[in-house]
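Summary of structural features
Residues per chain, in single letters:
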Amino acid sequence: MTVVRSTLPESAREVVGEALQSTLVDLLGLSLIGKQAHWNIVGPRFRSIHLQLDEVVSTARSFSDTVAERASALGLPPDGRPETVAAAYTLPGSKPGWIRDDEVVRLIVEALEAAIGRLRERIEATEKADPVTQDLLIGITAELEKQRWMFEAENWPRD
């Protein structure tokens with residue numbers, strides 16, 4: 001049953017649906033690993049990184065809502081259920097327990113780099129299928145690149 005009809009042709013709808021759903025999973029996963037690190041970080045840079053993690057989580061959560069609403073507007077029901085995210089999430093994740101501040105920085109940089117790489121593939125895939133969705137993905141990529149830069153700067157000089 002389709003409740004909301006798409007304004008896109010079926011072939012474009014499939015491309016866009018995959019791009020938006022995968023992005024939703026990545027963003028929800030990023031928010032979860034960001035919070036996990038936020039709760040378990042230890043080390044001399046605890047406070048600054050603890051607060052910086054909140055920025056990543058807030059960004060990921062806000063964009064996940066935007067992505068889900070874009071999918072809905074196109075007649076593509078978003079799936080952010082825990083079991084869907086757990087089954088489809090492929091970005092780096094954290095280990096259980098306390099995590100040293102330098103390990104948290106590396107984890108977040110790696111997760112953001114992976115998410116950015118996947119977003120760039122989706123930007124290319126959605127270019128002809130739906131420039132509006134492509135524009136949304138470009139904006140998300142720009143913000144995640146900013147967050148990645150800020151975390152990478154925490155590890156200067158490089159280890």
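Residue positions within a chain follow its written sequence, with the count starting from 1. Reporting in this predicted model follows two pLDDT cut-offs: at least 70 for local features of residues, and 80 or more for side-chain atom pairs to be given and counted; totals over whole chains, interfaces and linings ignore these cut-offs and use all residues. Just so you know, side-chain values use all the structure's heavy atoms and leave hydrogens and water out.

1. Digging into the overall build of the protein chain
To qualify as a helix, a DSSP run of H or I must reach at least 4 residues; to qualify as a strand, a run of E must reach at least 2; elements of each kind are numbered from the N terminus. For the protein chain, the count of helices and strands is five helices and two strands. Listing the helices and strands of the protein chain from first to last along the sequence gives α-β-α-α-β-α-α. Values of the radius of gyration come from C-alpha atoms, whereas the globule rule sets the reference at 2.2 Å times the count of residues to the power 0.38. At 17 Å, the protein chain has a C-alpha radius of gyration in line with the 15 Å of a compact globule built from 159 residues. Its C-alpha atoms give the protein chain principal-axis dimensions of roughly 55 × 30 × 20 Å. Accessibility here uses a 1.4 Å probe with only protein chains present; expressed as a share of the type maximum, an area under 20% marks a residue as buried, one over 50% as exposed, and anything in between as partly exposed. In the protein chain, which comprises 159 residues, the share counted as buried stands at 47%. In this analysis, two residues are considered to be in contact whenever any of their non-hydrogen atoms come within 4.5 Å of each other. Contacts in the protein chain between residues far apart in sequence, at least 24 positions, make up 81% of those at least 6 positions apart. Only the protein chains shown count as covering a residue, and every accessible area follows the Shrake-Rupley method with a 1.4 Å probe. Of the roughly 8,600 Å² that the protein chain leaves accessible, carbon and sulfur atoms contribute 56%. Here Asp and Glu are counted as negative and Lys and Arg as positive; His is not counted, and neither are the chain ends. Every charge is mapped onto a representative atom, which is NZ of Lys, CZ of Arg, CG of Asp or CD of Glu. One finds the centroid of the 18 positive side-chain charges in the protein chain at a distance of 2 Å from the centroid of its 25 negative side-chain charges.

2. Description of the environment of Arg148
Within the secondary structure layout, Arg148 lies in helix α5 (residues 131-152). Judged by its relative accessible area of 19%, Arg148 is buried. Separated by 92 residues in the primary sequence, Arg148 and Val56 have C-alpha atoms spaced 9.1 Å apart. When neighbours within four sequence positions are excluded, Arg148 is seen to be in contact with Val109, Leu112, Glu113 and Ile116.

3. Focus on the packing of helix α2 (residues 46-73) against helix α4 (residues 101-129)
Put simply, α2 and α4 touch, their axes get as near as 10 Å, and they point 25° apart. As the angle between them shows, α2 and α4 are arranged roughly parallel. Crossing geometry of α2 relative to α4 is assigned as left-handed. Here Phe46, Ile49 and Leu53 of α2 lie close against α4, whose contacting residues are Asp101, Val104, Val105 and Ile108. All residues other than Ala, Val, Leu, Ile, Met, Phe, Trp, Tyr, Cys, Pro, Asp, Glu, Lys and Arg, Gly among them, are scored as polar; the first ten of these are nonpolar and the last four charged. A per-class count over the contact of α2 with α4 returns six nonpolar, no polar and one charged. Interaxial angle, 0 to 180 degrees, is taken between N-to-C directions of lines fitted to C-alpha atoms, where a helix line uses only the stretch in contact. Working rule for angles: under 35 degrees goes down as roughly parallel, over 145 as roughly antiparallel, 65 to 115 as roughly perpendicular, anything else as oblique. The hand of a helix crossing depends on one turn: near helix anticlockwise from the far one by less than a right angle means left-handed, and clockwise means right-handed.

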